[in-house]
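Summary of the model geometry
In case you want the letters, here they are:
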Amino acid sequence: MKLDNKVIGKYKIGDTVFTKINPNISLIVRRYINGVYYCGFQNDPDRWELGLTARALVGS
């Protein structure tokens, strides 16, 4: 299901976000499914995606 950058939750697909625990690493929101944001690492796209809730994220 393609969402085309629609705002569903707090962040939209393609936004740059950071985790509250480690704000030095920037992440890109790739998908949003059932309240979970799946984010890829901006500087290392080959790494696994992280599944995080909005409470664990900080916007840029």
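In what follows, the structure referred to is the one given above.
Keep in mind that what you see is a predicted model, and the values were worked out from it rather than measured.

Bringing the pattern of salt bridges into the picture now. Per the counting criterion, the structure on display carries two salt bridges. Between E49 and R30 there is a salt bridge, with the nearest N and O atoms lying 4.0 Å from each other. Highlighted residues: E49 in the loop between β3 (36–41) and β4 (50–52) and R30 in strand β2 (residues 26–33), separated in sequence by 19 residues. Judged by relative accessible area, which is 33%, E49 ranks as partly exposed. Look at R30 and you get partly exposed, because its relative accessible area is 37%. Here R31 ties to E49 by a salt bridge, and the two come within 2.7 Å at their closest N and O atoms. Highlighted residues: R31 in strand β2 and E49 in the loop between β3 and β4, separated in sequence by 18 residues.

Looking now at the sheet that holds strand β5 (residues 57–59). Taken in spatial order, the five strands make up an open sheet running β4-β3-β2-β1-β5, and their pairing is antiparallel. The sheet is open, and its two edges are formed by β4 and β5, each paired on a single side. Between one strand axis and the next, the sheet turns through 50 degrees on average, direction left out of account. Pairing analysis gives three bridges linking β3 to β4, with the strands arranged antiparallel. In the strand pairing of β4, Y37 is matched with L52.

What counts and what doesn't
- Residues numbered from 1 in each chain as written.
- Predicted model: local features only at pLDDT ≥ 70, side-chain atom pairs only at ≥ 80, totals over all residues.
- Heavy atoms only, no water.
- Salt bridge = Lys/Arg side-chain N within 4 Å of Asp/Glu carboxyl O.
- Helix = DSSP H or I, 4+ residues; strand = E, 2+ residues; numbered from the N terminus.
- Buried < 20%, exposed > 50% of the residue type's maximum accessible area, 1.4 Å probe, protein only.
- Pairing = 2+ DSSP bridges.
- Axes fitted to C-alpha atoms, helices over the stretch in contact; angles between N-to-C directions.

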